[in-house]
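So the chains spell out like this:
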Amino acid sequence: MLRRKPLVSVDDAQRRARRRLPRGVYDFVIGGSEARLTLDHNLNGFADITFRPRYAVAHERRNLATTVLGCDLSMPVVLAPAGQLRPVFHDAERAAARAARAAGIAVGVSTFASTAIEEIMPAAGAAPVWYQLYFSGGRAVAEAAVDRARNVGCKALLVTIDSPRTGYRESAYLGNGLPHKVGLSTALRFAPEVLPHPVWLARYLRGGIALRVPNIRWPDGRELTIEEASLERQTPPVTWDDFRWIKQHFGGPVVAKGVLTAEDARRAVDAGADGIVVSNHGGYMLDSAPSTIRVLPEVLEAVGGQVEVLVDGGIRRGADVVKALALGARAVMIGRAYVWALAAAGEQGAHEMLALFRSGIERTMTLIGCGDVASLDRSYIDLPPGRLGRLDGSRPRAPR
Ligand SMILES: Cc1cc2nc3c(=O)[nH]c(=O)nc-3n(C[C@H](O)[C@H](O)[C@H](O)COP(=O)(O)O)c2cc1C
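Residues numbered from 1 in each chain as written. Predicted model: local features only at pLDDT ≥ 70, side-chain atom pairs only at ≥ 80, totals over all residues.

A. Region of the structure containing the site of the ligand. Taken together, 23 residues form the shell around the ligand, and within it Ala80, Gly83, Ser110, Gly282 and Gly335 come nearest. The biggest single contributor to the shell around the ligand is helix H15 (residues 336–368), with 3 residues. Among the residues making up the shell around the ligand, the classes are represented as 9 nonpolar, 11 polar and 3 charged. (Near = placed C-beta within 6 Å. Helix = DSSP H or I, 4+ residues; strand = E, 2+ residues; numbered from the N terminus. Nonpolar A, V, L, I, M, F, W, Y, C, P; charged D, E, K, R; others polar.)

Okay, structure coming up:
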């Protein structure tokens, strides 16, 4: 039997995922709304930062361990919450949780996860699980979801604020989207796309045909359908006023995910948030939102150390993690990096991807002469003159 070569990078995982997944599923992960400008900005923002290495220093070993929101992590990387991963890999959410556990990091679980939180927790074991909250179905549904997250032992709540409605993903409307309901007509429509991927299809069917969102229920106990969950993603949208009751209800750290301005950063602090994730949802929502690494300094300055600040969007290698930390982020979250790995090689792919991140961070730290992630600061990087990241249309585009 031909042995699979280990993954060598996120790009490699994405190339393999492209071969393995039906077109609609692949396009769902690429995401990117409208002209996909933000998708590219996120990547180009990192390309704009260069290192200022210190040579001729020796550190016996490099320390990557850190504490984020009271959770001990073996490296400053967290798996970002990602909804509806079952079409990507049949056991995706549990596989991600197991990979996080093996790596000693935290894992985010989306409101839209295709696996119930109670089934993910045992897979996560000692890995801290951070539940991501949408208001799909309104406050009563959200309250019940928060109760559930607290009761099963989630260590933090990520409240996503950047999706008052879903971004316009054009390829989905051109026919490359996941169906909300799977019936005979959808089966026939998707057959030409799906039948050339028999291994994928067999795995997918193990979990039944229908796509589900088992973490959100109406007050009468009925699960929301995917259609209901998507249509009602944020109806009414979450507001800063909601942070008070969410915090009281959850009782643990509550984080605003999707902050992109100093104004929102200050409002998050005023609303009692314990942390901020600088995020543009990986370019899935508002197109022409700025690259996250570009606005990170503005957000850090606005909060002045009052809360922990994380960043996600476009992080594809260890060097990107080091750049984000040198700018002042406490840790990063990665989304597509591990999702492509799951698509390319299942759970083993996720383990390999986290190993790549760890070795990438270690290697970069050795090459810049820094022995501890806690010692990373702006003296290790050079920002482009003027504002960070002057992004224009002549830049490279993310692989599609
Ligand atoms: C397939 C997929 C599904 C996602 N679903 C959610 C979600 O349900 N809730 C959420 O807050 N963010 C979601 N995200 C966004 C991630 O949490 C994260 O912000 C983003 O992926 C970071 O950008 P990156 O993919 O470039 O690393 C999703 C991302 C992906 C790739």
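B. Geometry of the environment of Thr366. The topology assignment puts Thr366 in helix H15. The spatial distance from the C-alpha of Thr366 to the C-alpha of Arg52 is 12 Å, given a sequence separation of 314 residues.

C. Region of interest: the nonpolar core. Core analysis: the largest hydrophobic core is formed by 127 residues, its most contacted members being Leu157, Ile276 and Leu342. Per element, the largest residue contribution to this core is 16 residues, and it comes from H15. Once you skip the residues sitting within four places of it in the chain, Ile276 turns out to touch Val255, Ala256, Val259, Ala265, Ala268, Val299, Val303, Val307 and Val309. (Core = buried A, V, L, I, M, F, W, Y, C linked by C-beta atoms within 7 Å. Buried ≥ 20, exposed ≤ 12 C-beta atoms within 10 Å, placed from the backbone. Contact = placed C-beta atoms within 7 Å.)

D. Region of interest: the packing of helix H14 (residues 318–327) against H15. For the pair H14 and H15, interaxial distance at closest approach is 7 Å and the crossing angle is 60°. As the angle between them shows, H14 and H15 are arranged oblique. The handedness of the crossing between H14 and H15 is right-handed. For the pair H14 and H15, the contacting residues are Gly318, Ala319, Val321 and Val322 in the first and Phe357, Ser359, Gly360, Ile361, Arg363, Thr364 and Met365 in the second. The residue makeup of the contact of H14 with H15, split by class, is 6 nonpolar, 4 polar and 1 charged. (Axes fitted to C-alpha atoms, helices over the stretch in contact; angles between N-to-C directions. Parallel < 35°, antiparallel > 145°, perpendicular 65-115°, else oblique. Left-handed = near helix turned anticlockwise from the far one by under 90°.)

E. Expanded view of helix H13 (residues 292–303). Compared with an ideal rise of 1.5 Å per residue, which puts 12 residues at 16 Å, H13 spans 16 Å between its outermost C-alpha atoms and is within 8% of the ideal. Most of H13 sits inside the fold, with 9 of its 12 residues counted as buried. Regarding H13, the residues found buried are Thr292, Ile293, Arg294, Val295, Leu296, Val299, Leu300, Ala302 and Val303. Against helix H3 (37–47), strand E8 (254–259), helix H12 (262–270), strand E9 (275–278), strand E10 (308–312) and H14 lie the buried residues of H13. (Expected span 1.5 Å × (residues − 1).)

F. Spatial organisation of unusual backbone geometry. The phi dihedral of Glu34 is positive, around 45°, even though this residue is not glycine. Tracing the backbone shows Glu34 in the loop between helix H2 (23–30) and H3. For Glu34, a count of 16 C-beta atoms within 10 Å translates into the label partly exposed. Positive phi, normally seen in glycine, also occurs at Ser288, with a value near 70°. Locating Ser288 in the fold gives a position in the loop between E9 and H13.

G. Representation of the environment of Gly346 within the structure. Along the polypeptide, Gly346 turns up in helix H15. Residue classification places Gly346 among the partly exposed positions, given that 17 C-beta atoms sit within 10 Å. Not counting residues within four places of it along the chain, the set of residues in contact with Gly346 comprises Phe89 and Ala95.

H. The packing of helix H4 (residues 92–103) against helix H5 (residues 117–124), seen in detail. For the pair H4 and H5, the least separation of the axes is 8 Å and the interaxial angle reads 30°. When the axis of H4 is compared with that of H5, the two are roughly parallel. For H4 against H5, the interelement crossing comes out right-handed. Judged by residue contacts, Glu93, Arg94, Ala97, Arg98, Ala100 and Arg101 of H4 engage Glu119, Ile120, Ala123 and Ala124 from H5. Among the residues making up the contact of H4 with H5, the classes are represented as 5 nonpolar, no polar and 5 charged.

I. Representation of the pairing of strand E6 (residues 129–133). Most of E6 sits inside the fold, with 5 of its 5 residues counted as buried. A two-sided burial pattern is seen for E6, the buried positions comprising Val129, Tyr131 and Leu133 on one face and Trp130 and Gln132 on the other. Looking at chain direction, strand E5 (residues 107–109) and E6 are connected through 3 bridges and run parallel. Paired with Val107 across the bridge in E6 is Val129. (Pairing = 2+ DSSP bridges.)

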